[in-house]
Amino acid sequence: MTPDVPPLCRFAHEAMTTVFEVVVAGQEETYARQASAAVFREIDRLEGLLSRFQPVSDIAQINRLRPGESLRVCLEAFECLQLAAQVHADTGGAFDVTVGPLMNLMRDAKGNWQRVTDAELAAARAVVGMERLVLNPQDFTVTIRPATGADPATNVEVDLGAIGKGYALDKAAELLADWEIPDVLLHSGTSSVLALGHGGDAAGCPADQRGWRLGVAGDWSRQAGFDTVLLSGAALSGSGTEVKGQHVLDPRTGRPASNHLAAWAIAPSAALSDALSTAFMVMTTAEVNAYCRSHVEVAALVVEKRRGLLRMLGDKATATPAFAARAVPPGESNALRLEQNIASDGKTSVG
Amino acid sequence: MSSNEMKNVDGKVDRRTFLQSAAVAGASLALSGNALAQAVAQPAKPNLAGPKGIDDLNVGVIGLGAQGQVLIEAASGIPGVRFKAVCDIWEYHQKLVGGRLRKTGYDVKTYEDYRELLAQEKDLDAVIVATPDWMHAEIANACMEAGKHVYCEKEMSNSLEKARSMVMTQRKTGKLLQIGHQRRSNPRYIHAIDRLIREANILGRVTHAYGQWNRSIADSLGWPKKYAIDQAKLDKYGYVSMDQFRNWRWYKKYGGGPIVDLGSHQIDLFSWIWGCNPSAIVAMGGMDYYKGREWYDNVMTIYEFNTPEGTNRAYYQVLTTTKRGGFYEQFMGVNGALTISEVAARGDTVEREAHAPSWDEYAKKGWLKPVKEAIKPTTTRNVAVDVRVTAEAGKWPLPIELLKPAHQPHLENFFDAVRGRAKLNCPGEVAYETAVAVLKANDAVAAGRKLEFKPEEFKV
Ligand SMILES: NC(=O)c1ccc[n+]([C@@H]2O[C@H](COP(=O)([O-])OP(=O)(O)OC[C@H]3O[C@@H](n4cnc5c(N)ncnc54)[C@H](O)[C@@H]3O)[C@@H](O)[C@H]2O)c1
């Protein structure tokens, strides 16, 4: 007798200050559970390497380097930093993993934005910047450049919070490929979702719609004209203002990012979609559109905030054609929902 | 590569192609960053693959599972360490670890059989052994016989006879044999035990010690179907089944069960504190929760130490059905108690008894942090540590932080000893004494009564 194959198996695990979930389709329960356990061990391992809160992680060690000093880092930390540098360059600096000191200056202990003087702002901006990290792929070293225009001895504060969870999902997907589990959905506390293969009926996806249905757009779904997208072999990440408040800062100005109320990015990798969802909060709609034109593998949805919060309802959520092409018309979404479905704050949900 | 080139015929970008091209793009971007490196002090370039420099050491690793990978990660941070050969009977781990090492610049060969590795690799200085316990002796002995220094994971062996053979081979060959009780090289533990407890006698007589390692329930480990090892190969290497190969810790043939696996690190500290070996043990435990495994899933044990000061006792427990309290050790003396854990957030303080002599002089010397100084959750220039626990009143924090992976200092100590610049912190003889104390816990559970240790039991 062949063991029962349940339509979906779901397993959750706390890591990186969120809850990861693996949703496996079409596999025997024990096999799916053991594969998910391997995924969770891998995510824990990555947290140990990438979290700035773990004093011995490569990132914490980078943050203790003095200008001029170098550290040989592990493959995983180097790959994250390389991608972060790539996105920084491609978005004209809208994404910056070194922005911590600016955030600390601009927000009080409770996380509220506060007034600062121009001089304070200039000083904090001087120590921030991706160009302070020199990444050498020959020997996997990271070298810190001195800050110009500030105390040159100041260290750098790298925080991979806006890319590391997505990267962990990508690594998990590599591991699941070893386990030959093609149909699986992985998410990191719903802020990034990576959809591989096909979810099947139980995930609200009939066989003629290969993929997984993911809820997007939250409260803005009416303006967007859809609340679900169909995804396979791609990742979706969301960033928004509701749960954490306005928590994104424009590294190019040092000021709170005010262009969008929420942003979603679809990309081939979860690390990239994770990073881009933050960048798209910061960039103007025109910049987001330009980015998506030159990166056809990426799709964007942003909620504009042109005339302030009160007029928001009159504004239109803006989706790139690539995003709209994946949209499922509202009437058709018979959705399986994630327990932590917080779609209204720019997070994503399984639809 | 432009994004257009990445499109498939149907216009979609294939995920794998994208990931590869993104890596390529990232590399060229970082290369342009290379020019920037000229502007700052040039680091000494690690010589991972070229001709061997004077301080370089060629290193092999046998056993590439969870711990083999942890040790490789920790050793990569040590200048001069060049991985040259790695070995694992499991193709899956061979590929994974070999691939990772090659990607990061090591010129590394992979082997299935350690005998093949030793036959081919003539210029290795040292070998790290991280296979399941039952293979430690055979492999470590062969390495020493072949003229290599050995860093071998604990437990030395699941059989005392085999553990003894390691000490004897070490003596015969004169090679170094370090056993992986890494707390022995951890500066936090060295400070707490050698300086505060033994030298300053800050706790007074330590009448009792306590240690625990509690873990949540966990399923048996699985394996990707396509990497299942066929039965002929399992037989060749002595594994009964794929399940036993993956979950060796739970079977008597390969390991000593949780008390040995986890307890060994912490029970090792009791003899370090008191400077002598235990004289007797009682223990209880059983296979009470999991089905189909062989070793006790919970063990509670009490060791008796006859020290020059009098009889002191140590209690140790390992539970695998609850993680309550996690893992830590506690040394309780008449003047105070020290709580420590390999993860500092779980234990890093000394509590003073009200009647104890003042500790201010230790605070002045920097041996303890004064208790009134609030721990600031701030970031100083060179020490950016996010303090998420605040000191409780009456608890004096230990002053030392370990800002490297937990296994790195022990590996550093080993490689320094190989270079002739240090003495091993955990040589075979010392680890053998610990193995005698730890393995006896299983005997005591089986016997159901108090067992005595004879002093000569600890000698090889
Ligand atoms: N010091 C520590 O903190 C610590 C922590 C965990 C494990 N360990 C020790 O490390 C060792 C390995 O434990 P693990 O958790 O990595 O186990 P594991 O099962 O994850 O890995 C063991 C590896 O050894 C390989 N192997 C088995 N027999 C072999 C042989 N004959 N030749 C070559 N390779 C072989 C297996 O294929 C596997 O890859 C054990 O002795 C364990 O007690 C120490």
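Only a predicted model underlies this, so the values are computations on that prediction, with no experimental measurement involved.

Side note on the sheet that holds strand β10 (residues 310-319) of chain B
Backbone-to-backbone hydrogen bonds pair the strands of a sheet. The strands run either parallel or antiparallel.
All names here are of chain B.
Moving on, step 1. One open sheet accounts for nine strands, arranged β14-β13-β12-β11-β7-β10-β9-β8-β15; its pairing is mixed. Of all strands in the sheet, those with a lone pairing partner are β14 (395-397) and β15 (451-452), marking the two edges.
Moving on, step 2. In terms of strand pairing, strand β11 (residues 327-333) meets strand β12 (residues 336-340) through five bridges, oriented antiparallel. Residue pairing across strands places glycine 333 opposite glycine 336, the latter belonging to β12.
Moving on, step 3. Its contacts with the sheet put helix α11 (residues 263-274) on β7 (206-214), β9 (298-307), β10 and β11, and the angle it makes with β7 is roughly 170 degrees.
Moving on, step 4. This element, helix α14 (residues 428-447), spans β8 (280-286), β9 and β15 of the sheet and lies at about 65 degrees to β8.

Things to note about the domain arrangement of chain B
Residues and elements named next belong to chain B.
Moving on, step 1. Under the domain assignment used here, chain B contains domain 1 (3-184) and domain 2 (185-401 + 427-458).
Moving on, step 2. Taking both partners together, domain 1 and domain 2 bury about 3500 Å²; carbon and sulfur atoms supply 57% of that area.
Moving on, step 3. Three residues, Trp90, Arg183 and Arg184, lead the burial of domain 1 against domain 2; their summed loss comes to 29% of the area buried on that side.
Moving on, step 4. Linking domain 1 with domain 2 are five salt bridges, by the criterion used here.
Moving on, step 5. Between aspartate 268 and arginine 184 there is a salt bridge, and its shortest N-O distance comes to 2.9 Å.
Moving on, step 6. Our count for the contact surface shared by domain 1 and domain 2 stands at 22 residue pairs in polar contact (both at pLDDT 80 or more).
Moving on, step 7. Every element with two or more residues in the side of domain 1 that touches domain 2 is listed here: α3 (91-103), α6 (160-173) and β6 (177-179).
Moving on, step 8. Tallying contributions element by element places α6 first for the side of domain 1 that touches domain 2, with six residues.

Let's talk about the pattern of salt bridges
Moving on, step 1. Going through the model one piece at a time under the given rule, you end up with 31 salt bridges over all chains.
Moving on, step 2. Between arginine 421 of chain B and aspartate 55 of chain B there is a salt bridge, with the nearest N and O atoms lying 2.7 Å from each other. Note that arginine 421 of chain B is positioned in the loop between α13 (408-418) and α14 and aspartate 55 of chain B in the loop between α1 (15-37) and β1 (57-62), a separation of 366 residues in sequence.
Moving on, step 3. Connected through salt bridges with shared partners, the residues Glu42, Arg45 and Glu76 of chain A together with Arg100 of chain B form a single ionic network.

Remarks on the nonpolar core
Moving on, step 1. Within the largest apolar cluster, 177 residues are counted, with the highest numbers of intra-cluster contacts made by Ile62, Leu133, Leu186 and Phe280 of chain A together with Phe331 and Leu338 of chain B.
Moving on, step 2. For this core, the element with the most residues is helix α1 (residues 29-50) of chain A, which contributes ten residues.
Moving on, step 3. If you count residues domain by domain, this core takes at least three from each of domain 1 (3-184) and domain 2 (185-401 + 427-458) of chain B.
Moving on, step 4. Every residue in contact with phenylalanine 331 of chain B, bar those within four places of it in the chain, is listed here: Ile197, Leu203, Val206, His208, Ala209, Leu269, Phe270, Ile273, Gly336, Ala337, Leu338 and Ile340 of chain B.
Moving on, step 5. The next biggest cluster of nonpolar side chains, apart from the first, holds 27 residues, and it includes Leu57, Ile78, Ile128 and Phe415 of chain B.

Notes on the sheet that holds strand β5 (residues 141-144) of chain A
Residues and elements named next belong to chain A.
Moving on, step 1. Across the sheet, three strands lie side by side as β3-β5-β4; this open sheet has antiparallel pairing. The strands lining the two open edges of the sheet, one partner per strand, are β3 (70-72) and β4 (133-136). Each neighbouring strand pair of the sheet contributes to a mean axis angle of 20 degrees, computed without reference to strand direction.
Moving on, step 2. Where β4 and β5 come together, four bridges link them in antiparallel fashion. Residue pairing across strands places asparagine 136 opposite threonine 141, the latter belonging to β5.

Concerning the site of the ligand
All names here are of chain B.
Moving on, step 1. Neighbouring residues of the ligand: 27 residues in total, closest Gln67, Asp88, His93, Asp133 and Arg249.
Moving on, step 2. Within the side chain of histidine 136, an N or O atom sits 2.9 Å from an oxygen atom of the ligand.
Moving on, step 3. In the environment of the ligand, an oxygen atom lies 3.0 Å from a nitrogen or oxygen atom belonging to the backbone of lysine 154.
Moving on, step 4. Contact with the protein chains removes 92% of the 840 Å² of surface that the ligand exposes when unbound.
Moving on, step 5. Here the residues of the shell around the ligand sort into eleven nonpolar, ten polar and six charged.
Moving on, step 6. A domain split of the shell around the ligand shows at least three residues from each of domain 1 (3-184) and domain 2 (185-401 + 427-458).

Quick look at the confidence of the model for chain B
Residues and elements named next belong to chain B.
Moving on, step 1. Chain-level statistics for chain B give a pLDDT mean of 88 and a share of 85% at 70 or above.
Moving on, step 2. The model gives residues 1-43 a pLDDT under 50, and that stretch makes 68 contacts with residues more than four places away or in other chains.
Moving on, step 3. Confidence over residues 373-393 falls short of pLDDT 50; this stretch has 24 contacts with residues more than four positions distant or in other chains.
Moving on, step 4. Both scores are given for the predicted complex: the pTM is 0.88, the ipTM 0.87.

Concerning helix α5 (residues 136-145) of chain B
Residues and elements named next belong to chain B.
Moving on, step 1. In terms of residue burial, α5 counts as a mostly covered element, since seven of its ten residues are buried.
Moving on, step 2. Of all the positions in α5, only His136, Ala137, Ile139, Ala140, Asn141, Cys143 and Met144 are classed as buried.
Moving on, step 3. Considering only its buried residues, α5 is in contact with β1, α4 (114-120), β4 (126-129), β5 (149-152), α6 and β6.
Moving on, step 4. Backbone geometry just downstream of α5 places glycine 147 in the positive-phi region, at approximately 90 degrees.

Some words on the environment of alanine 60 of chain A
Residues and elements named next belong to chain A.
Moving on, step 1. Its place among the elements puts alanine 60 in helix α2 (residues 58-63).
Moving on, step 2. Note: C-alpha distance between alanine 60 and leucine 49 (eleven residues apart in sequence) is 8.9 Å.
Moving on, step 3. Excluding its chain neighbours within four sequence positions, the residues that come into contact with alanine 60 are Ser51, Arg52, Gln54 and Pro55.

What about the packing of α6 of chain B against α14 of chain B?
Residues and elements named next belong to chain B.
Moving on, step 1. Two elements in contact, α6 and α14, have axes separated by 10 Å at closest approach and are oriented at 175 degrees. The orientation of α6 relative to α14 falls into the category roughly antiparallel. Two secondary-structure elements touch here, α6 through Leu160, Ala163, Arg164, Val167, Gln170 and Arg171 and α14 through Gly428, Glu429, Tyr432, Ala435, Val436 and Leu439.
Moving on, step 2. The residue inventory of the contact of α6 with α14, partitioned by class, reads seven nonpolar, two polar and three charged.

Observations concerning the pairing of β7 of chain B
Side chains on a regular strand alternate between the two faces of the sheet.
All names here are of chain B.
Moving on, step 1. Within β7, seven of the nine residues are buried, which leaves the element mostly enclosed by the surrounding structure.
Moving on, step 2. As judged from the seven bridges shared by β7 and β11, these two strands associate in the antiparallel manner. Within β11, the residue paired with valine 206 across the bridge is glycine 333.
Moving on, step 3. Pairing geometry for β7 and β10, over seven bridges, is parallel. Note on β10: the bridge partner recorded for glutamine 212 is glutamine 317.

Some words on helix α3 (residues 75-90) of chain A
Residues and elements named next belong to chain A.
Moving on, step 1. Helix length check: α3, at 16 residues, gives a terminal C-alpha distance of 22 Å against a target of 22 Å (1.5 Å per residue), a fit within 8%.
Moving on, step 2. Counting buried residues in α3 gives 13 out of 16 residues, a clear majority hidden from the surface.
Moving on, step 3. Directly after α3, the chain includes glycine 92, whose backbone phi takes a positive value near 60 degrees.

Rules behind the numbers
- Residues numbered from 1 in each chain as written.
- Chains lettered and ligands numbered in written order.
- Predicted model: local features only at pLDDT ≥ 70, side-chain atom pairs only at ≥ 80, totals over all residues.
- Heavy atoms only, no water.
- Pairing = 2+ DSSP bridges.
- Helix = DSSP H or I, 4+ residues; strand = E, 2+ residues; numbered from the N terminus.
- Contact = heavy atoms within 4.5 Å.
- Axes fitted to C-alpha atoms, helices over the stretch in contact; angles between N-to-C directions.
- Domains from an automatic or database assignment.
- Buried area = accessible area lost by both parts, 1.4 Å probe.
- Salt bridge = Lys/Arg side-chain N within 4 Å of Asp/Glu carboxyl O.
- Polar contact = N/O pair within 3.5 Å; in protein donor to acceptor, adjacent residues only side chain to side chain.
- Core = buried A, V, L, I, M, F, W, Y, C linked by side-chain atoms within 4.5 Å.
- Buried < 20%, exposed > 50% of the residue type's maximum accessible area, 1.4 Å probe, protein only.
- Near = heavy atom within 4 Å.
- Areas by Shrake-Rupley, 256 points an atom, 1.4 Å probe, with all protein chains shown as cover.
- Nonpolar A, V, L, I, M, F, W, Y, C, P; charged D, E, K, R; others polar.
- pLDDT = per-residue confidence, 0-100.
- Parallel < 35°, antiparallel > 145°, perpendicular 65-115°, else oblique.
- Expected span 1.5 Å × (residues − 1).

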